Amino acid sequence: MSDVKEVMKRYFLDLDAASRDPRRLVAWCTSVGPAEILRAMDFEVFFPENHGAMLGASRMSGETIPAANALGYSPDICSYLTSDVGACMKGVTPLTKAYGIKNVPRPDVLVYNTNQCKDVMHWFEFYSRKFNVPLIGIHSPNHLSNVEKWHIDDVVAQFKNLIARLEALARKKMDVEKLKHTVALSKKATDLWNEVLLTGAHKPSPLNFFDSTVFMGPIVVLRGTEEAVTFYKHLLKDMKERIKAGVASVHGEMKRIYWDGMPVWGRLRNLSELFQRHRACVVASTYCNSWIFSAFDATDPLASMAKAYLEIFINRNDSFKEKYISKTIKEFAIDGVIFHESKTCPNNTNSQYNLPGRLRGNGIPSVVINGDLCDLRCFSDEQATNLIEAFLEMI
């Protein structure tokens, strides 16, 4: 199986080296922000949301969230934000135990995109004040039914402003050919990631949602690099070999599930084992598919980036989301949908405006579980287990 741990280790160790090298610049970027522009300008790129997920998965967030709450950040806002800000306040990081890295890399610039939520703006503002470094925001049109030309033109204009400010900071001009090459690499990696996820349509599925939350690491943090392309080529080869050999992610797979919403990072193993016991495989998800950017086009890098980052699921209206999930259910022969209603992530919670009811009206069974991405105070193991087990027995 492709070694995602080694790929991520090399990425973080190189970032750590960059943070201690005065000749190298480090940019912090939101997970669906314009990483291609930053990489084409030779910035090393760090993604605080990835760090937030690590805090949740390691369960360090249980100690760091209260530190952010004590500072004045509400327990109701994004727990990626509060986990990460709290970790900063306490001077801790899961990178220490994982890779021997003492601190996250100090930023030279902070770049966010509100295509996912506005919490990222407030999050990065905290670090701009703390480190006294430039903060540049892309403010995307949101909740779109269709991505129109004027939406794209708006974001392209903001990308051009971003480039001008980065050129001043880096003291060099953008190399357009390098940007095209970077976008081309992102396109290759995202297409391969899409092919990997599509193997879940096979019966039995060679992978599940819980595997994919680990395998998605490189498409989040290494877009625009040869490393990401190479990793997903190997991973796709592995998945095809598993299909050929009849290797199932869930032994004796009987039921196929769609997971909507955020992962519960601190309970991935528990939930994976729960589904394994019931021979149910979570074969597709909203979350992992959020890093498929089919619109990337190296011949028109800025416009295609704008379109790709505007098209993401979280930035669309409910009508689009209903059609998207319904289409995926058919493609993957899914038996039912689990909606995770995340306490601190309303932007990626799709159960609050009767989407489950509309799907049930079309004959698609669903259940809603309450929880959170990082704050386990909002998640009841007993309640979630009872709901999921009853649902799996019903469908």
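Up top is the structure these notes are about.
Here is what the cut-offs are and how they apply
- Residues numbered from 1 in each chain as written.
- Predicted model: local features only at pLDDT ≥ 70, side-chain atom pairs only at ≥ 80, totals over all residues.
- Heavy atoms only, no water.
- Helix = DSSP H or I, 4+ residues; strand = E, 2+ residues; numbered from the N terminus.
- Buried < 20%, exposed > 50% of the residue type's maximum accessible area, 1.4 Å probe, protein only.
- Contact = heavy atoms within 4.5 Å.
- Phe/Tyr/Trp six-rings, centres within 6.5 Å; stacked < 30°, edge-to-face > 60°.

A. Quick peek at the environment of I77. You can see I77 is positioned in the loop between α4 (61-71) and α5 (79-90). In this structure I77 comes out as partly exposed when scored by relative accessible area, which is 26%. Beyond its immediate stretch of four places on either side in the chain, I77 contacts T82, D119 and T344.

B. Up close: the packing of aromatic side chains. Within the structure shown, the criterion is met by 23 aromatic pairs. With a centroid separation of 5.9 Å and 75° between ring planes, the pair formed by W28 and F131 is classed as edge-to-face. You can see W28 sitting in strand β1 (residues 25-29) and its partner F131 sitting in helix α7 (residues 119-131), a full 103 residues away along the chain. Residue classification places W28 among the buried positions, given a relative accessible area of 1%. Given the relative accessible area of 16%, F131 is considered buried. On the numbers, 5.8 Å between centres and 35° between planes, the contact of F210 with F275 is tilted. Taken together, the residues span a long stretch of sequence, with F210 in helix α10 (residues 209-215) and F275 in helix α13 (residues 268-277) at a distance of 65 residues. Since its relative accessible area comes to 2%, F275 is described here as buried. Every member of this aromatic cluster is reached through a ring pair, and the members are W28, F46, Y73, F126, Y127 and F131.

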